[in-house]
Each structure stands twice: as structure tokens, then as C-alpha cells.
Amino acid sequence: MRIAIGVTGGSGAIYARRLLEKLQPGGHTIHVTLTKYGNWVWKEELDQDFREWKDGMKWDGEEGASDLIVDSVNDLYAEPSWGLKKFDGYIVAPCSMRTMSGIACGIADNLVTRFGDVAIKEKRPLILLIREAPLLELHLERMLALARAGVVILPASPGFYLKPKTIEDVVDFMVDKMISYLPEG
Ligand SMILES: Cc1cc2nc3c(=O)[nH]c(=O)nc-3n(C[C@H](O)[C@H](O)[C@H](O)COP(=O)(O)O)c2cc1C
């Protein structure tokens, strides 16, 4: 699969890291973009730079690993920006209210909000792992508009009926849910 993943400054960088870990052995082509606050929160919550983590993993076909392309959030010419490139799915995890609102309002001013636009206009799966509490009325209105446009609004709200024992179990619940919306999920 060709997948575009945006990582924003919502809390929950662990979801993005685990999502990438789970997709790493699949032989996929993954484009990942971190916003400025996505980078910031990743380091703050995971005690490691995104780049350090990425360099510690096997990518780019090594032993069947997925290819990982890191695009600059300011690069609106990168492949996820192009409708013609036909990605199988677009995920924003975690998705801040800023980025969710930007996509809902059509403000394609960085690569993540731009690929949100592209996913909607090209009718491709777009999954937003949103994280905020409490949600404001204006957030809910914008999410309703997105849901009506076919976007999967997925609150980072894990179920506990599988009796998770570790934080990893809790995180995996949401990560597996995100992956289930991709074509091969
Ligand atoms: C430690 C930390 C945690 C944050 N958690 C959230 C959050 O859970 N949800 C949210 O919408 N914004 C959160 N924010 C605020 C966003 O990072 C901020 O609105 C930022 O402008 C988002 O920009 P981006 O969407 O380009 O990443 C958090 C900020 C910090 C510093």
C-alpha cells in the first residue's frame, strides 16, 4: 500500500510511533510528515527525537521492511499533495484540533492539511485520530462536516473490553482500528 501519515501536535505521539512500527514490516510505501508541534510533542512524550527513532529502525526494503519517506510539512510539492499519486489511505495520528479544523475549512496551508483536502476530493480513506477533551461545540461542528464528507473521525478513545494489561495493549487497540480502515486492513 501507499500510505500518507501526518503526525500533529495533539497528545498521543505513541499512537503514531506504534502505527509506524506496525506498518514497518509490510513492504508498504509510507510518507510521513510531522508538523512543528508534532515533532515537539513526539520528543516531549516519547523522550526521543522522531529522527533518532526512525534511524534506529530498519526501512527501505531492508529485510522486507516498508519504505519510509519523510516529507517536510512545508513541502506542498511532496507526493501526498498530488491527487494523481493515488495513495491507498491518509491517516493523521494524533490529529490536533488545529489540523482537524484546517482540513474541515479547506485551509491547505501545510502538507498535512493539504493531503486532507486531497483525500476528500479524490474520495480516498482519510482517518483522523482526534485527541482533545472536552470537545468544543465548534470542534463538533467541524467534525460533523468532515464526517459528512466521508472522513473517519476516530477519537483516541480505546475500549477496555479486551482487558488490556499494558499501555501498549491500550495503544494497539486504537492503532489496529486505524489500520482496519485501510484497504488491506
Ligand atoms: C504537550 C502538548 C500537548 C498537546 N495536546 C493537544 C491535544 O491533545 N489536542 C489538541 O488539539 N492540541 C493539543 N496541543 C496543542 C497543539 O499542539 C497546538 O494547537 C498546535 O498549534 C497544533 O498544531 P499542528 O496541528 O500543526 O500540529 C498540545 C500541545 C502541547 C505542547
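Higher on the page you've got the structure.
Our subject in this report is the structure included herewith.

Rules used in this analysis
- Residues numbered from 1 in each chain as written.
- Predicted model: local features only at pLDDT ≥ 70, side-chain atom pairs only at ≥ 80, totals over all residues.
- Heavy atoms only, no water.
- Salt bridge = Lys/Arg side-chain N within 4 Å of Asp/Glu carboxyl O.
- Helix = DSSP H or I, 4+ residues; strand = E, 2+ residues; numbered from the N terminus.
- Buried < 20%, exposed > 50% of the residue type's maximum accessible area, 1.4 Å probe, protein only.
- Near = heavy atom within 4 Å.
- Polar contact = N/O pair within 3.5 Å; in protein donor to acceptor, adjacent residues only side chain to side chain.
- Areas by Shrake-Rupley, 256 points an atom, 1.4 Å probe, with all protein chains shown as cover.
- Pairing = 2+ DSSP bridges.
- Axes fitted to C-alpha atoms, helices over the stretch in contact; angles between N-to-C directions.
- Contact = heavy atoms within 4.5 Å.
- Core = buried A, V, L, I, M, F, W, Y, C linked by side-chain atoms within 4.5 Å.

## Things to note about the pattern of salt bridges
Then step 1. Considering all chains together, one arrives at nine salt bridges under this definition.
Then step 2. The partner of Arg2 in a salt bridge is Glu79, and the shortest N-O contact between them spans 3.1 Å. Placement of Arg2 in strand S1 (residues 2–7) and of Glu79 in the loop between strand S3 (67–70) and strand S4 (89–95) is noted, with a sequence separation of 77 residues between them.
Then step 3. Classification of Arg2 by relative accessible area gives partly exposed; the value is 23%.
Then step 4. The partly exposed category is assigned to Glu79, whose relative accessible area is 28%.
Then step 5. Lys22 serves as the salt-bridge partner of Asp176, at 2.6 Å between the closest nitrogen and oxygen. Linking Asp176 in helix H7 (residues 167–180) with Lys22 in helix H1 (residues 13–23), this pair joins segments that are 154 residues apart in sequence.
Then step 6. In this structure Asp176 comes out as partly exposed when scored by relative accessible area, which is 38%.
Then step 7. Look at Lys22 and you get partly exposed, because its relative accessible area is 29%.

## Section: the site of the ligand
Then step 1. Near the ligand there are 14 residues, and of these Thr35, Ser96, Met97, Thr99 and Arg131 occur at the shortest range.
Then step 2. Interatomic distance of 2.6 Å between a side-chain N/O atom of Thr35 and an oxygen atom of the ligand.
Then step 3. Arg131 is positioned such that a nitrogen or oxygen atom in its backbone is 2.6 Å from a nitrogen atom of the ligand.
Then step 4. For the ligand, whose free accessible area comes to 640 Å², the fraction covered by protein is 72%.
Then step 5. Only helix H2 (36–46) and helix H4 (97–104) provide two or more residues apiece to the shell around the ligand.

## Details of the sheet that holds strand S6 (residues 152–155)
Then step 1. Read across the open sheet, the six strands follow the order S3-S2-S1-S4-S5-S6; overall the sheet is parallel. Looking at strand neighbours, the two that pair on one side only are S3 and S6, the edges of this open sheet. Strand after strand, the sheet turns through a mean of 20° between neighbouring axes, direction not considered.
Then step 2. Examined bridge by bridge, S4 and strand S5 (residues 126–130) share four bridges and lie parallel to one another. Residue Val92 lies in a different strand from S5, and its bridge partner there is Leu128.
Then step 3. Most of the contacts of H2 go to strand S2 (residues 29–34), to which it runs at about 90°, and overall it touches S1 and S2.
Then step 4. Seen against the sheet, H4 touches S4 and S5 and runs at an angle of roughly 145° to S5.

## Some words on the nonpolar core
Then step 1. Ranked by size, the top nonpolar core spans 31 residues in total, and within it Ile5, Leu19, Leu20, Val32, Trp42, Ile91 and Met178 carry the most contacts.
Then step 2. Every element with two or more residues in this core is listed here: S1, H1, S2, H2, helix H3 (50–55), S4, S5 and H7.
Then step 3. Sequence-distant contacts of Val32, that is, excluding residues within four places in its chain, are made with Ile5, Val7, Leu20, Phe50, Leu68, Ile69, Val70 and Asp71.

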